[in-house]
Amino acid sequence: MSTIHLHQTTTLTPDQYIAGLTDFGPGRSKLFGNSADDYLKVHQVGQREADVTEGSGGIWERLHYDWSDPNHVVLTTTDSNLWGGASGHDYTFTRHFDGTTDIDVVVTREGKNLRGYLLGLVLGTIGRSVLEKAFVNSVKAIEARNNKATEPIAA
């Protein structure tokens, strides 16, 4: 099992990041590069939870999203072609007085077959940078989307 810890400081509020994280509409891949639109299947969405299948590059997972705590979001893998056991993503948000937010993510990958086990091993060692780059890019994309939404309309 691989456990990868990621950290990013952003100008986003937890609500803004969670809004991006839980936007399951078309164009999700612009926010999350590891979530190709053709893999995306929304099974159910509620007020504070969702059941969604997503992935890319031949890797998919069905995730239960729980954002009932505004400072902590848990994505639990319920099915996957590679991941099982305790796999998932755990997001913790810490607000600061200067208006910034720390986002800490713990990605857990427990292979359910040989391919998953080997990929989990790679992600836990040399592949960490791939997950880190994807996370940083998602934060930047959600920041850009929020900045665009708050720009004044030109006359």
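The structure under discussion appears in the preceding block.
Residues numbered from 1 in each chain as written. Predicted model: local features only at pLDDT ≥ 70, side-chain atom pairs only at ≥ 80, totals over all residues. Heavy atoms only, no water.

Caption draft 1: Local environment of the pattern of salt bridges. Taken as a whole and judged by the stated rule, the model has six salt bridges. For glutamate 54, the salt bridge identified is with arginine 28, shortest N-O distance 2.9 Å. Highlighted residues: glutamate 54 in strand β3 (residues 49–56) and arginine 28 in helix α2 (residues 28–31), separated in sequence by 26 residues. Glutamate 54 gets classed as buried once you look at its relative accessible area, which sits at 8%. (Salt bridge = Lys/Arg side-chain N within 4 Å of Asp/Glu carboxyl O. Helix = DSSP H or I, 4+ residues; strand = E, 2+ residues; numbered from the N terminus. Buried < 20%, exposed > 50% of the residue type's maximum accessible area, 1.4 Å probe, protein only.)

Caption draft 2: Structural detail: the side chain of histidine 89. Structurally, histidine 89 is set in strand β6 (residues 88–95). Taking relative accessible area as the criterion, histidine 89 reaches 15% and is therefore assigned buried. Of the polar contacts made by the side chain of histidine 89, one reaches the side chain of arginine 109; its length is 3.2 Å. (Polar contact = N/O pair within 3.5 Å; in protein donor to acceptor, adjacent residues only side chain to side chain.)

Caption draft 3: Layout of the packing of aromatic side chains. In this structure the tally under the stated criterion is four aromatic pairs. Judged by centre distance (6.0 Å) and plane angle (50°), the rings of tyrosine 17 and phenylalanine 93 are tilted. Placement of tyrosine 17 in helix α1 (residues 14–21) and of phenylalanine 93 in strand β6 is noted, with a sequence separation of 76 residues between them. Across this residue pair, the class does not change: tyrosine 17 and phenylalanine 93 are buried. Seen from their ring centres, tyrosine 91 and phenylalanine 93 are 6.5 Å apart, and the 10° between their planes marks the pair as stacked. There is no split in this pair, since tyrosine 91 and phenylalanine 93 are both buried. In textbook terms, an aromatic cluster arises when at least three aromatic residues are bridged by ring pairs, as seen for Tyr17, Tyr91 and Phe93. (Phe/Tyr/Trp six-rings, centres within 6.5 Å; stacked < 30°, edge-to-face > 60°.)

Caption draft 4: How the structure looks around helix α3 (residues 114–124). Residues of α3 that are buried include every one of Gly116, Gly120 and Leu123, and no others. Along α3, the residues classed as buried sweep out an arc of 65° about the axis, all on the same side. (Arc of directions from axis to C-beta.)

Caption draft 5: The nonpolar core, seen in detail. One finds Tyr17, Leu21, Tyr65, Val73, Tyr91, Ile103 and Phe135 to be the most contacted residues of the largest nonpolar core, which totals 30 residues. For this core, the leading source of residues is helix α4 (residues 128–150), giving five residues. In this view, valine 73 contacts Ile18, Leu21, Asp66, Trp67, His89, Asp90, Tyr91 and Phe93; residues no more than four positions away in its chain are not counted. (Core = buried A, V, L, I, M, F, W, Y, C linked by side-chain atoms within 4.5 Å. Contact = heavy atoms within 4.5 Å.)

Caption draft 6: Inspection of a nonpolar patch on the surface at higher detail. Among the surface-exposed residues, Leu114, Tyr117, Leu118 and Leu121 lie close enough to one another that they form a single nonpolar patch of about 430 Å² accessible area. Mapped onto the elements, leucine 118 comes out in helix α3. (Patch = residues over 30% accessible without salt bridge, like charges linked within 9 Å, V, L, I, M, F, W, Y side chains within 5 Å. Areas by Shrake-Rupley, 256 points an atom, 1.4 Å probe, with all protein chains shown as cover.)

Caption draft 7: Structural detail: the pairing of β3. Of all eight residues making up β3, six are buried, and the element is well covered by its neighbours. In the sheet, strand β2 (residues 41–45) pairs with β3 via four bridges, with the strands oriented antiparallel. Bridge pairing links glutamine 44 to aspartate 51 in β3. Connecting β2 to the antiparallel partner β3 that follows it, the hairpin turn spans three residues. Sheet topology note: the β3/strand β4 (residues 59–69) ladder contains eight bridges and is antiparallel. (Pairing = 2+ DSSP bridges.)

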